[in-house]
Amino acid sequence: MRIARHRAPGVTLDRIAAVFGIHPIALPKRLRRAETDEGARPATTPGESAELRETLMRNDAPARP
């Protein structure tokens, strides 16, 4: 991620993706995910999403006698 964030002027994300052998659409998504995980971007991390989903499922479950 560091290479993509600190790229030289004129170096595109498409070129960086090609060098690393990943799809050009995947790199911006990975950058956003890294920013979220680092707390630089306000969003829900995958771990927080799983925890929220689990809590909601527990609350929706019928009460057991």
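Residues numbered from 1 in each chain as written. Predicted model: local features only at pLDDT ≥ 70, side-chain atom pairs only at ≥ 80, totals over all residues. Heavy atoms only, no water.

## Details of the nonpolar core
One finds A4, I16, A17, L27 and L31 forming the largest nonpolar core, which totals five residues. Mapped by element, the contributors of at least two residues to this core are α2 (13-20) and α3 (26-38). When residues no more than four places from it in sequence are discounted, the contact partners of L27 are M1, A4, L13, I16, A17 and I22. (Core = buried A, V, L, I, M, F, W, Y, C linked by side-chain atoms within 4.5 Å. Buried < 20%, exposed > 50% of the residue type's maximum accessible area, 1.4 Å probe, protein only. Helix = DSSP H or I, 4+ residues; strand = E, 2+ residues; numbered from the N terminus. Contact = heavy atoms within 4.5 Å.)

## Focus: the confidence of the model for the chain
For the chain, the mean per-residue pLDDT works out to 84, and 92% of the residues sit at or above 70. The weakest mean pLDDT in the chain belongs to helix α1 (residues 2-5) at 81; the strongest belongs to α2 at 91. (pLDDT = per-residue confidence, 0-100.)

## Observations regarding the packing of α2 against α3
Between two packed helices, the angle of one axis relative to the other and the distance separating the axes together describe the packing. Viewed as axis vectors pointing N to C, α2 and α3 meet at an angle of 95°, and their least axial separation amounts to 9 Å. It follows from the interaxial angle that α2 and α3 lie roughly perpendicular. Touching L13, I16 and A17 of α2 are L27, P28 and L31, all from α3. Looking at the contact of α2 with α3 residue by residue, the class counts come to six nonpolar, no polar and no charged. (Axes fitted to C-alpha atoms, helices over the stretch in contact; angles between N-to-C directions. Parallel < 35°, antiparallel > 145°, perpendicular 65-115°, else oblique. Nonpolar A, V, L, I, M, F, W, Y, C, P; charged D, E, K, R; others polar.)

## Focus: the side chain of T36
On the secondary structure map, T36 appears in helix α3. With relative accessibility at 10%, the residue T36 sits in the buried group. Setting aside residues up to four positions removed in sequence, T36 forms contacts with R41, A43, T44 and T45.

## A short note on the environment of G21
On the secondary structure map, G21 appears in the loop between α2 and α3. With 35 residues separating them along the chain, G21 and L56 place their C-alpha atoms 38 Å apart.

## Topic: the pattern of salt bridges
In total, this model carries two salt bridges according to the counting rule given. The closest approach of N and O atoms between E38 and R5, which form a salt bridge, is 3.4 Å. One end of the pair, E38, is in helix α3; the other, R5, is in helix α1, and 33 residues separate them in sequence. Taking the relative accessible area as the measure of exposure, R5 reaches 33% and is therefore partly exposed. (Salt bridge = Lys/Arg side-chain N within 4 Å of Asp/Glu carboxyl O.)

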